[in-house]
Amino acid sequence: MPQARLVGPDLSNIPWEERPKGCQDVVWRSNRNPIITRDAVPGANSIFNSAVVPFQAGFAGVFRVDTTERAMQLHVGRSKDGVHWQIEPHRIEFSCDDPELGRFVYGYDPRVCWLEDRCYVTWCNWYHGPTIGIAYTHDFKAFYQLENAFLPFNRNGVLFPRKIRGKYAMLSRPSDPGHTPFGDIFYSESPDLIHWGKHRHVMSPVPNSWQSTKIGAGPTPIETTEGWLLFYHGVLTSCNGFVYSFGAALLDLEEPWKVIRRTRPYLLSPREPYERVGDVPNVVFPTAALYDPPTGRIAIYYGGADTVTCLAFTLFDELWDFIKENSL
Ligand code: BMA
């Protein structure tokens with residue numbers, strides 16, 4: 001397989017730190033972690049599993065803020081450098097034609113994605129249980145909510161950043177109303193972002209591994225010349241509960257339900273105190289990635305222990321070799 005290249009616009013202002021001396025890992029943590037603490041917004045219990053994109057001269061994003069009432073909300077955040085964030089104190093109010101659909105019960109685990117002329121948000125929305133909400137914004141001020149993509153129960157809905165074979169495309173993870181001790185990643189397509197179908201199975205958990213209980217798509221897939229690079233979380237059930245790690249897969253460009261490569265080892269797993277200790281211990285949960293094709297730099301945003309927001313880095317060429325040499 002030829003060496004792949006990243007496809008997409010340059011991002012020379014991507015947040016970046018070199019690999020620390022002595023570190024052998026293909027993905028390394030920011031030494032500024034956690035970049036967002038649990039109380040960065042008044043009344044917040046925790047700020048985590050949040051998603052960002054380049055916006056104007058800097059960055060914007062949608063943040064999961066769980067309040068001290070333990071309401072799960074989505075808030076807008078803005079940043080000049082992708083590391084220091086100003087998060088708005090009030091939750092996003094989505095405009096929605098159908099009051100039943102737009103009735104706020106909760107919103108969590110957002111993903112954001114530039115697609116054509118606007119930025120889409122997908123998140124875990126409530127409609128008689130968790131399912132996938134979709135909305136768009138042009139300016140991170142007004143947000144317009146569309147129909148939910150799927151029936152409950154579903155989580156981890158992640159849009160592709162362009163049409164594939166003339167259709168919008170999304171990954172998702174059918175679930176149950178609780179903490180879901182199972183879960184495969186599926187692919188679905190749509191002509192209009194309203195009606196979803198042609199569902200295809202992408203991948204399942206792997207017995208006796210870091211991804212043995214359930215898996216779910218993470219950040220918006222990254223286009224490369226050889227396939228879609230997908231970071232995804234995998235869960236192991238230990239004698240002391242779930243452990244959330246993340247790895248990567250390469251999906252076929254035209255038929256993304258075909259998995260070309262998939263990491264046998266994880267790329268990142270809870271090790272640091274802010275990943276091991278928090279409201280839900282032992283969780284790293286990736287939800288966004290920025291990348292700069294000329295340098296191959298990739299910055300991955302992830303939630304730590306369902307409490308704080310963290311950043312990790314990798315270089316595409318090294319990651320590519322790692323995926324090739326360590327594939328299932
Ligand atoms: C999942 C989601 C995530 C969370 C993870 C670990 O089911 O609820 O928001 O990070 O569990 O608690």
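**Thoughts on the pairing of strand β12 (residues 168–174)**
In step 1: Across the seven residues that make up β12, a large majority, six, are buried.
In step 2: Note: strand β11 (residues 154–159) against β12, four bridges, orientation antiparallel. Paired with Asn-154 across the bridge in β12 is Pro-174.
In step 3: Relative to strand β13 (residues 185–190), β12 is paired through five bridges, and the arrangement is antiparallel. Paired with Ser-172 across the strands is Phe-186, a residue of β13.

**Describing the sheet that holds strand β6 (residues 94–95)**
Paired through backbone hydrogen bonds, the strands of a sheet run either parallel or antiparallel to each other.
In step 1: Strand order in the open sheet formed by five strands is β6-β10-β9-β8-β7, with mixed pairing between adjacent strands. If you trace the sheet from one side to the other, it starts and ends with β6 and β7 (107–115), each paired once.
In step 2: One ladder, built from seven bridges, connects β7 with strand β8 (residues 118–126); its direction is antiparallel. Following the sheet pairing, Trp-114 is matched in β8 by Cys-119.

**Some details on the nonpolar core**
Grouped burial of nonpolar side chains is what soluble globular proteins tend to show.
In step 1: If you look at the biggest cluster of nonpolar residues, it comprises 38 residues, and the most contacted ones within it are Trp-85 and Phe-140.
In step 2: If you list the elements that add at least two residues to this core, you get β2 (44–55), β3 (58–67), β4 (72–79), β8, β20 (284–292), β21 (297–304) and β22 (308–315).
In step 3: It is β2 that contributes the most residues to this core, six residues altogether.
In step 4: Discounting chain neighbours no more than four positions away, the residues touching Trp-85 are Ile-35, Ile-36, Val-52, Phe-59, Ala-60, Gly-61, Phe-63, Gly-77, Arg-78, Ser-79 and Tyr-301.
In step 5: Formed by 26 residues, the second largest nonpolar core is a distinct cluster that contains Leu-250, Leu-268, Tyr-274 and Ala-312.

**A closer look at the side chain of Glu-275**
In step 1: With respect to the secondary-structure elements, Glu-275 resides in helix α2 (residues 273–276).
In step 2: Residue class for Glu-275 comes out buried when judged on its relative accessible area of 0%.
In step 3: Engagement of the side chain of Glu-275 in a polar contact is seen with the side chain of Arg-29, the distance being 2.8 Å.
In step 4: Setting aside residues no more than four positions away along its own chain, Glu-275 makes contact with Arg-29, Leu-268, Ser-269, Pro-270, Pro-281, Asn-282, Val-283, Val-284, Tyr-302, Gly-304 and Ala-305.

**Observations regarding the packing of aromatic side chains**
In step 1: A complete count under the given rule lists 21 aromatic pairs for this structure.
In step 2: Seen in terms of ring centroids, Tyr-106 and Tyr-108 are 5.3 Å apart; in terms of plane orientation they differ by 45°. Their pairing is tilted.
In step 3: The buried category is assigned to Tyr-106, whose relative accessible area is 15%.
In step 4: Judged by its relative accessible area of 9%, Tyr-108 is buried.

**Topic: the site of the ligand**
In step 1: The full set of residues close to the ligand is Asn-49, Arg-64, Asp-109, Tyr-244, Val-280, Val-283, Phe-285 and Asp-306.
In step 2: Here an oxygen atom of the ligand sits 2.6 Å away from a polar atom, N or O, in the side chain of Asp-306.
In step 3: Its free accessible area being 310 Å², the ligand has 85% of it covered by the protein chains.
In step 4: Judged by the proximity of its atoms to the pocket grid, the ligand belongs to the largest pocket.
In step 5: Residues that form the shell around the ligand fall into these classes: four nonpolar, one polar and three charged.

**Observations regarding the sheet that holds β12**
In step 1: Strand order in the open sheet formed by four strands is β11-β12-β13-β14, and the pairing between neighbours is antiparallel. The open sheet has two free edges, formed respectively by β11 and β14 (197–203), since each of these has just one partner strand. Here the strands of the sheet are splayed against their neighbours by 30° on average, with no regard to which way each runs.
In step 2: Strand direction decides the pairing type here: β13 and β14, joined by four bridges, are antiparallel. From the neighbouring strand, Tyr-187 faces β14, where its bridge partner is Arg-200.

**Side note on the side chain of His-75**
In step 1: Tracing the sequence through the fold places His-75 in strand β4.
In step 2: Within the local environment of His-75, its side chain forms a polar contact with the side chain of Gln-73, the two groups lying 2.9 Å apart.
In step 3: When residues no more than four places from it in sequence are discounted, the contact partners of His-75 are Val-41, Gly-61, Val-62, Phe-63, Val-65, Ile-87, Glu-88, Pro-89, His-90, Arg-91 and Ile-92.

**Side note on a negative patch on the surface**
In step 1: Judged by side-chain charge, Asp-97, Asp-98, Glu-100 and Glu-147 come together as a negatively charged surface patch.
In step 2: Tracing the backbone through its elements, the reader meets Glu-100 in helix α1 (residues 99–102).
In step 3: Taking the relative accessible area as the measure of exposure, Glu-100 reaches 35% and is therefore partly exposed.

The rules behind the values
- Residues numbered from 1 in each chain as written.
- Predicted model: local features only at pLDDT ≥ 70, side-chain atom pairs only at ≥ 80, totals over all residues.
- Heavy atoms only, no water.
- Buried < 20%, exposed > 50% of the residue type's maximum accessible area, 1.4 Å probe, protein only.
- Helix = DSSP H or I, 4+ residues; strand = E, 2+ residues; numbered from the N terminus.
- Pairing = 2+ DSSP bridges.
- Core = buried A, V, L, I, M, F, W, Y, C linked by side-chain atoms within 4.5 Å.
- Contact = heavy atoms within 4.5 Å.
- Polar contact = N/O pair within 3.5 Å; in protein donor to acceptor, adjacent residues only side chain to side chain.
- Phe/Tyr/Trp six-rings, centres within 6.5 Å; stacked < 30°, edge-to-face > 60°.
- Near = heavy atom within 4 Å.
- Areas by Shrake-Rupley, 256 points an atom, 1.4 Å probe, with all protein chains shown as cover.
- 1 Å grid on protein atoms, 1.4 Å probe; cavity = no way out; pocket = protein on both sides within 12 Å on 5 of 7 lines; lining within 4 Å.
- Sits in = over half its atoms within 2 Å of the grid points.
- Nonpolar A, V, L, I, M, F, W, Y, C, P; charged D, E, K, R; others polar.
- Axes fitted to C-alpha atoms, helices over the stretch in contact; angles between N-to-C directions.
- Patch = residues over 30% accessible without salt bridge, like charges linked within 9 Å, V, L, I, M, F, W, Y side chains within 5 Å.
- Salt bridge = Lys/Arg side-chain N within 4 Å of Asp/Glu carboxyl O.
- Lys, Arg positive; Asp, Glu negative; His and termini not counted.
- Charge placed at Lys NZ, Arg CZ, Asp CG, Glu CD.

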